[in-house]
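Reading the structure
For reference, the chains in residue letters:
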Amino acid sequence: MRLPVRLSAFFSDPGVVPLDEALLWVSSLRPGASVDIGRHLRLLDTWAETAPSNDVEGLRVLVYDRLGFRGDVDDYDQAANSYLDEVLRRRQGMPITLAVVLLSLGRRIGVELVPIGAPGHFLVQEPVSGSLLDPFDRASDLRPSALAARMAALGAHLDLTEALAPIPDQAVVARVLNNLTNTMVQRSVRELDWVLDLRLALPVRYQDPRALAALCEQRGRLDRAAELLDLLALATEREDLSRRAHALRARLN
């Protein structure tokens, strides 16, 4: 897959293309989609102009009270919750896409927020105060202790400092694509290939090479699976991965 110029620039030159635009480009690549990216960006501009105040509370009122965004508790894993154009149209989504709405409108009204890719639940943070906001729950304040308890319940044993470290916008897009991958595997394997094509066109450093290689093998792309395992073997100096890559190539003959 050849990436659109603006999406390619998003990964090659951070800061040039905003996160909301990048995710709209991702949405535009799905089969049968017709996404007017400019119109959606203008819509966000228009919404931002109606914020009651240029602070976190004003952002919260705008997004959840005036615009009516909410978490999708009825069909959380549906693909529409990962497509930003659909999230803007339906005004509901999952934590990561609702976080993008907060980040996008916050940027427009001068509220500085950063994405926090905590395991199992995406958050945003106000760097000055350190407040953690839960996009799935009206941007309510979330105590670090509550996050730690949630992580423990999921079996994630990361250091809390590590879990609360901001992540780059490029990693946000990669995580959205990972969510989409999981949705397609569970619901519509036939639609998985375009997501895989896109992931293979993106820089590997924002993804899990081992998981991506397993996905390639599952979809019969043994050559790409072997390439990814070779890269991982080179980085980790693990001979078992090299042997696995060799075995995959042997199946191509």
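Up top is the structure these notes are about.
Residues numbered from 1 in each chain as written. Predicted model: local features only at pLDDT ≥ 70, side-chain atom pairs only at ≥ 80, totals over all residues. Heavy atoms only, no water.

As for the packing of aromatic side chains
The full count for this structure, using the stated rule, is 5 aromatic pairs. With a centroid separation of 5.6 Å and an interplanar angle of 75°, the aromatic rings of Y76 and F136 are classed as edge-to-face. Of this pair, Y76 sits in the loop between β1 (70–71) and α5 (84–90) while F136 sits in the loop between β5 (132–134) and β6 (140–141); the two residues are 60 residues apart in sequence, bridging distant segments of the chain. The class of F136 is partly exposed, set by a relative accessible area of 23%. Ring centres of Y83 and W194 lie 6.4 Å apart, and the angle between their planes is 35°; on these two criteria the pair is classed as tilted. Remark: W194 occurs in helix α10 (residues 192–201) and Y83 occurs in the loop between β1 and α5; sequence separation between them is 111 residues. Three or more aromatic residues joined by ring pairs make a cluster, and in this case those are F10, F11 and Y206. The ring centre of Y83 lies 4.2 Å from the NZ or CZ of R30, which sits over that ring. (Phe/Tyr/Trp six-rings, centres within 6.5 Å; stacked < 30°, edge-to-face > 60°. Helix = DSSP H or I, 4+ residues; strand = E, 2+ residues; numbered from the N terminus. Buried < 20%, exposed > 50% of the residue type's maximum accessible area, 1.4 Å probe, protein only. Lys NZ or Arg CZ within 6 Å of the ring centre and 35° of its normal.)

Overview of the sheet that holds strand β4 (residues 123–125)
An order of β3-β4-β5-β6 is seen for the 4 strands of this open sheet, with the pairing classed as antiparallel. Of all the strands in the sheet, the pair left with one neighbour each is β3 (114–116) and β6. Bridging between β4 and β5 involves 2 bridges; their strand directions are antiparallel. Directly across from V124, in β5, lies its bridge partner L133. (Pairing = 2+ DSSP bridges.)

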